[in-house]
Amino acid sequence: MRNIGMTGGIGCGKSKVAEIFESLGFYTIDSDITSRKVMEINGPAYNQIVSYFGKDILDENKNIIRKKLGSIVFNNKEKLKVLENIVHPAIYEYERKKRAAIYGKDSKSVVITHAALMIESGSYKNYDAVIIVTCNKDVQINRVMQRDNISISDAEKIISCQMAQVERLKYADFIIDNSSNIDDLKKEVKRVYDLINEINYGEKHN
């Protein structure tokens, strides 16, 4: 159990959880950062994206304007599928190489890859185990409102477009509840960190 996936709804705090895992000694990969890298000029997905969607999605420096690309696929399921079929394999291969490099340096390392749509895309199947980060619905709404400076109705609309938390939890091997404060979150992450180490190596880290 060294190749672990982690996901959760918007506002649940995946990035903060990843940060805490890193401070404890696990390695982490952010799939959002990976998706940006594979779409960069000379990235493995760049030429295919430009070939299909055209040069109108490029800025003056020939970089892909992600917002413009997003607006094209937002209400077009066919084009979204094309984009996913280009980007997802590129992300998978990039992260596979990154994990291999980590394991090459540290044979006992645990790598946690976090992504927003891990369940929806089916990529959760690529991992030894899945961590779901969750939180209370009211807390989630407040965080999204504060983060994006939007109204409660807009926050609720964004959350309603995602997979329901109760459905996402069905895929969990480990659950981290981030409904409270940072100190409680650190305890939650440490609990899962210890569980993974015990499963892997029979070790408990105090």
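Report on the accompanying structure. Because the structure is predicted, anything quoted here is derived from the model rather than measured.

Looking at the overall build of the protein chain
- Secondary structure assignment for the protein chain yields 10 helices and 5 strands.
- Its C-alpha atoms give the protein chain a radius of gyration of 18 Å, within 12% of the compact-globule value 17 Å for 206 residues.
- Each principal axis of the C-alpha atoms in the protein chain carries an extent, and together these give about 55 × 45 × 30 Å.
- Residue burial in the protein chain is summarised as follows: out of 206 residues, 37% are buried.

Topic: the side chain of Lys14
- With respect to the helices and strands, the residue Lys14 is situated in helix α1 (residues 14-24).
- Nearest to the buried, unbridged Lys14 among oppositely charged side chains is Asp30, at 8.4 Å.
- Looking at Lys14, its side chain comes within polar contact range of the main-chain oxygen of Gly8, at 3.2 Å.
- Among residues more than four places away in sequence, those in contact with Lys14 are Met6, Thr7, Gly8, Gly9, His114, Ala115, Ala116 and Val133.

With respect to helix α3 (residues 46-53)
- Along α3, the positions that sit buried rather than exposed are Tyr46, Ile49, Val50 and Phe53. When α3 is viewed along its axis, its buried side chains cluster within an angular range of 95 degrees and face the same direction. Residues Asn47 and Ser51 are exposed on α3 and point more than 90 degrees away from its buried face.

Some thoughts on unusual backbone geometry
- For Asn42, which is not a glycine, the phi torsion comes out positive at approximately 75 degrees.
- Here the phi dihedral of Asn149 falls at roughly 55 degrees; this positive angle occurs in a residue that is not glycine.
- On the secondary structure map, Asn149 appears in the loop between α7 (137-148) and α8 (152-160).
- The exposed category is assigned to Asn149, whose relative accessible area is 72%.

Considering the packing of helix α2 (residues 31-38) against helix α5 (residues 77-105)
- Contact geometry for α2 and α5: axes closest at 9 Å, N-to-C directions at 110 degrees. Classified by the interaxial angle, the pair formed by α2 and α5 is roughly perpendicular. Between α2 and α5, the contacting residues are Ser31, Thr34, Ser35, Lys37 and Val38 on the first element and Val87, Ala90, Ile91, Tyr94 and Glu95 on the second.
- Taken together, the residues of the contact of α2 with α5 break down into 5 nonpolar, 3 polar and 2 charged.

Calculation rules
- Residues numbered from 1 in each chain as written.
- Predicted model: local features only at pLDDT ≥ 70, side-chain atom pairs only at ≥ 80, totals over all residues.
- Heavy atoms only, no water.
- Helix = DSSP H or I, 4+ residues; strand = E, 2+ residues; numbered from the N terminus.
- Rg over C-alpha atoms; globule rule 2.2 N^0.38 Å.
- Buried < 20%, exposed > 50% of the residue type's maximum accessible area, 1.4 Å probe, protein only.
- Lys, Arg positive; Asp, Glu negative; His and termini not counted.
- Salt bridge = Lys/Arg side-chain N within 4 Å of Asp/Glu carboxyl O.
- Polar contact = N/O pair within 3.5 Å; in protein donor to acceptor, adjacent residues only side chain to side chain.
- Contact = heavy atoms within 4.5 Å.
- Arc of directions from axis to C-beta.
- Axes fitted to C-alpha atoms, helices over the stretch in contact; angles between N-to-C directions.
- Parallel < 35°, antiparallel > 145°, perpendicular 65-115°, else oblique.
- Nonpolar A, V, L, I, M, F, W, Y, C, P; charged D, E, K, R; others polar.

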